[in-house]
Amino acid sequence: MNRPAPVEISYENMRFLITHNPTNATLNKFTEELKKYGVTTLVRVCDATYDKAPVEKEGIHDWPFDDGAPPPNQIVDDWLNLLKTKFREEPGCCVAVHCVAGLGRAPVLVALALIECGMKYEDAVQFIRQKRRGAFNSKQLLYLEKYRPKMRLRFRDTNGHCCVQ
């Protein structure tokens, strides 16, 4: 199966790597890709299809949810709390998130982070789709449209820039 290449999404002081899931046969290449982007945390939002031991040092979080569906509230809360901690403690770090193809569940979580930082949902979708063509299905778009941010990743620093709290 031909999968899209991993893409980096950078906004303000946040960096994400959206990718598809590796297999045991492609795991070495996958971990090299993570290193290339300086990934310090990996979030998997699909069922495991590979031996996670080689990537456990990256700090893997297993938060699977149904393919094509929006994330449950608990996963949204865990995701935003993780980002708040990571980007405050390690400015400039990269958080990788993957689902099966890297077109639905993973982009939705990145879009939520952008929306929580103050971006409109339409802008977040377009911003991600510029680099990840085919991202989001209609159910996920409707979820993002109805999502009401609590601005959990937003505050102004001393220079008036938006940063992660």
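These notes cover the structure that comes with them. Everything numeric here is computed off the predicted structure, so don't read it as measured data. The written sequence of each chain sets the order in which its residues are numbered from 1. Only residues with pLDDT of at least 70 get local features here, since the model is predicted, and only at 80 or more are side-chain atom pairs given and counted; chain-wide, interface and lining totals rely on the full set of residues. To obtain the side-chain values, all non-hydrogen atoms of the structure were used and water was disregarded.

1. Quick word on the pairing of strand E3 (residues 39-44)
For E3, the tally of buried residues reaches five of six residues, placing the bulk of the element in the interior. Judged from the three bridges that link them, E3 and strand E4 (residues 60-62) form a sheet pairing that is parallel. Along E4, the bridge assignment pairs Leu-42 with Ile-60. A simple rule labels every residue: compare its accessible area, found with a 1.4 Å probe on the protein chains alone, to the largest value its type can have, and call it buried under 20%, exposed over 50%, or partly exposed in between. Every helix listed is a DSSP run of H or I at least four residues long, and every strand listed is a run of E at least two residues long, numbered separately from the N terminus. For two strands to pair, DSSP has to find at least two bridges joining them.

2. Description of the packing of aromatic side chains
Note on aromatic pairs: each is described by the distance of the centres and the angle between the planes. Centre distance within 6.5 Å is the pairing criterion for rings of Phe, Tyr and Trp, where only the six-membered ring of Trp is used; planes under 30 degrees apart are then read as stacked, over 60 as edge-to-face, and the remainder as tilted. Here the structure, examined in full by the defined rule, presents four aromatic pairs. Ring centres of Phe-16 and Phe-87 lie 5.6 Å apart, and the angle between their planes is 85 degrees; on these two criteria the pair is classed as edge-to-face. With Phe-16 in strand E2 (residues 14-20) and Phe-87 in helix H2 (residues 73-89), the pair connects residues that are 71 residues apart, well separated along the chain. What makes Phe-16 buried here is its relative accessible area of 0%. When the ring of Tyr-143 is compared with that of Tyr-147, the centres are 6.0 Å apart and the planes differ by 50 degrees; the resulting orientation is tilted. Through successive ring pairs, a cluster of aromatic residues spans Phe-16, Trp-79 and Phe-87.

3. Examining the pattern of salt bridges
A side chain of one charge can pair with a side chain of the opposite charge when the charged atoms of the two come close. Any Lys or Arg side-chain nitrogen found within 4 Å of a carboxyl oxygen on Asp or Glu counts as a salt bridge. Taken as a whole and judged by the stated rule, the model has four salt bridges. For Arg-15, the salt bridge goes to Glu-8, with nearest N and O atoms at 2.7 Å. Exposure remark for Glu-8: the relative accessible area of 21% places this residue in the partly exposed category. Lys-36 is the salt-bridge partner of Glu-33, the closest N and O atoms lying 3.3 Å from each other.

4. Focus on the sheet that holds E2
With mixed pairing, five strands are arranged side by side in an open sheet as E1-E2-E5-E3-E4. Each having just a single partner strand, strand E1 (7-11) and E4 make up the two edges of the open sheet. Taken pair by pair, the neighbouring strands of this sheet meet at an average axis angle of 20 degrees, ignoring direction. As defined by bridge partners, E2 adjoins strand E5 (residues 94-99) across six bridges and the pair is classed as parallel. In the strand pairing of E5, Arg-15 is matched with Cys-94. Contact definition: two residues touch when any of their heavy atoms are within 4.5 Å. Interaxial angle, 0 to 180 degrees, is taken between N-to-C directions of lines fitted to C-alpha atoms, where a helix line uses only the stretch in contact. Relative to the sheet, helix H3 (residues 105-116) contacts E1, E2 and E5, its axis offset from that of E2 by approximately 165 degrees.

By themselves, these are just geometric observations and shouldn't be taken as functional.
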